[in-house]
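# Results of the structural survey
In case you want the letters, here they are:
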Amino acid sequence: MRDRASRKRLLVGALRHYTGDTLFQRIARAVCRAECVPRKELHESWEVARRVRRRLRGTRVVDLACGHGLVAQIMAILYPDVREVVAVDRRIPASAERVAATMAETWPWLADRVRRERADLGRFPLTADDVVVSAHACGRLTDLVLERAAEARAAVAVLPCCSVHSKLDDGALSGWMDTDLAIDATRVLALRARGYDVWTQTIPGDITPKNRLLIGRPAERAPGAQEGGRRV
Ligand SMILES: C[S@@+](CC[C@H](N)C(=O)[O-])C[C@H]1O[C@@H](n2cnc3c(N)ncnc32)[C@H](O)[C@@H]1O
């Protein structure tokens, strides 16, 4: 697929590009039928969700600052055993309903599994059993997601977005590296200081230059941690 960074909405005319039988292709067809999601966001959501699925486990998935909620929908497919998936945004756009409707045409059980909730992510209650995910929560909002998850001892993954440099902590590293990178590196160190195991990954750069994926899990939830095999 060419130009995965395209901000043009996928429409039914694009169905001809997604005729295969893979899970991604089936999701892409549902997204085309919704006619409201930019191509870039299809690829971002897929690349984030499948990487998070390899690392994190929980009984509930919470997509904070969900926008159209595609990450939540894909996570629900990739985590069929969770109790529920909640897509949270302070303003749930109409596109979220359209995406949910066309996804449920292919996976009818998603309609009961994914709940959309209009709420401020600063107040949405989280628990230690949650997998918290947030794609492109703008600027300081990413830090709020990390703080809220760490307070609850929840597993967390963020794909940081645009940064207003003057308002974000660069850990005094900007003299040595790009400021956005310094800010993300400082986020990693802050999460580790709170007792998290952290994985730093990237999604393909041809989809978005804001492609750093930070995944964290409380060290006490690592396999074997309860038996004293890891950090306490
Ligand atoms: C750039 S969009 C990202 C949407 C989606 N996660 C994605 O990857 O396409 C940022 C979203 O954050 C939401 N938002 C901003 N402040 C928020 C807050 N305090 N609580 C909940 N959602 C918030 C906005 O409404 C918007 O939908």
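Residues numbered from 1 in each chain as written. Predicted model: local features only at pLDDT ≥ 70, side-chain atom pairs only at ≥ 80, totals over all residues. Heavy atoms only, no water.

One non-glycine residue, Ala65, lies in the positive phi region at around 55°. Mapped onto the secondary structure, Ala65 falls in the loop between strand 1 (60-64) and helix 3 (70-78). Unusually for a residue other than glycine, Arg153 sits at a positive phi of about 60°. For Arg153, a relative accessible area of 24% puts it in the partly exposed group. (Helix = DSSP H or I, 4+ residues; strand = E, 2+ residues; numbered from the N terminus. Buried < 20%, exposed > 50% of the residue type's maximum accessible area, 1.4 Å probe, protein only.)

What follows is about the packing of aromatic side chains. How two aromatic rings sit relative to each other is set out by the distance from centre to centre and by the angle between their planes. This structure, assessed with the given rule, holds two aromatic pairs. Geometrically, the ring pair formed by Tyr18 and Phe24 is edge-to-face, given 6.3 Å between the ring centres and 75° between the ring planes. No difference in accessibility class separates Tyr18 from Phe24, as the two residues are buried. Ring pairing ties together the aromatic residues Tyr18, Phe24 and Trp46, which thus form one cluster. The positively charged end of Arg53 is found above the aromatic ring belonging to Tyr79, 5.1 Å away from the centroid. (Phe/Tyr/Trp six-rings, centres within 6.5 Å; stacked < 30°, edge-to-face > 60°. Lys NZ or Arg CZ within 6 Å of the ring centre and 35° of its normal.)

Moving on to the pattern of salt bridges. Taken as a whole, this structure holds 17 salt bridges when the rule is applied. For Arg60, the salt bridge identified is with Asp130, shortest N-O distance 2.7 Å. Note that Arg60 is positioned in strand 1 and Asp130 in strand 4 (residues 130-135), a separation of 70 residues in sequence. The burial state of Arg60 is the same as that of Asp130; both residues are buried. (Salt bridge = Lys/Arg side-chain N within 4 Å of Asp/Glu carboxyl O.)

To continue, consider the site of the ligand. Lining the immediate environment of the ligand, one finds 14 residues, of which Ala65, Asp89, Arg90, Leu121 and Ala135 sit closest. One of the side-chain nitrogen or oxygen atoms of Asp120 is found 3.2 Å away from a nitrogen atom of the ligand. Expressed as a share of its isolated accessible area of 600 Å², the protein-covered part of the ligand is 80%. Its atoms largely coinciding with the cavity grid, the ligand occupies the largest pocket. Residues belonging to the shell around the ligand are distributed by class as follows: seven nonpolar, three polar and four charged. (Near = heavy atom within 4 Å. Polar contact = N/O pair within 3.5 Å; in protein donor to acceptor, adjacent residues only side chain to side chain. Areas by Shrake-Rupley, 256 points an atom, 1.4 Å probe, with all protein chains shown as cover. 1 Å grid on protein atoms, 1.4 Å probe; cavity = no way out; pocket = protein on both sides within 12 Å on 5 of 7 lines; lining within 4 Å. Sits in = over half its atoms within 2 Å of the grid points. Nonpolar A, V, L, I, M, F, W, Y, C, P; charged D, E, K, R; others polar.)

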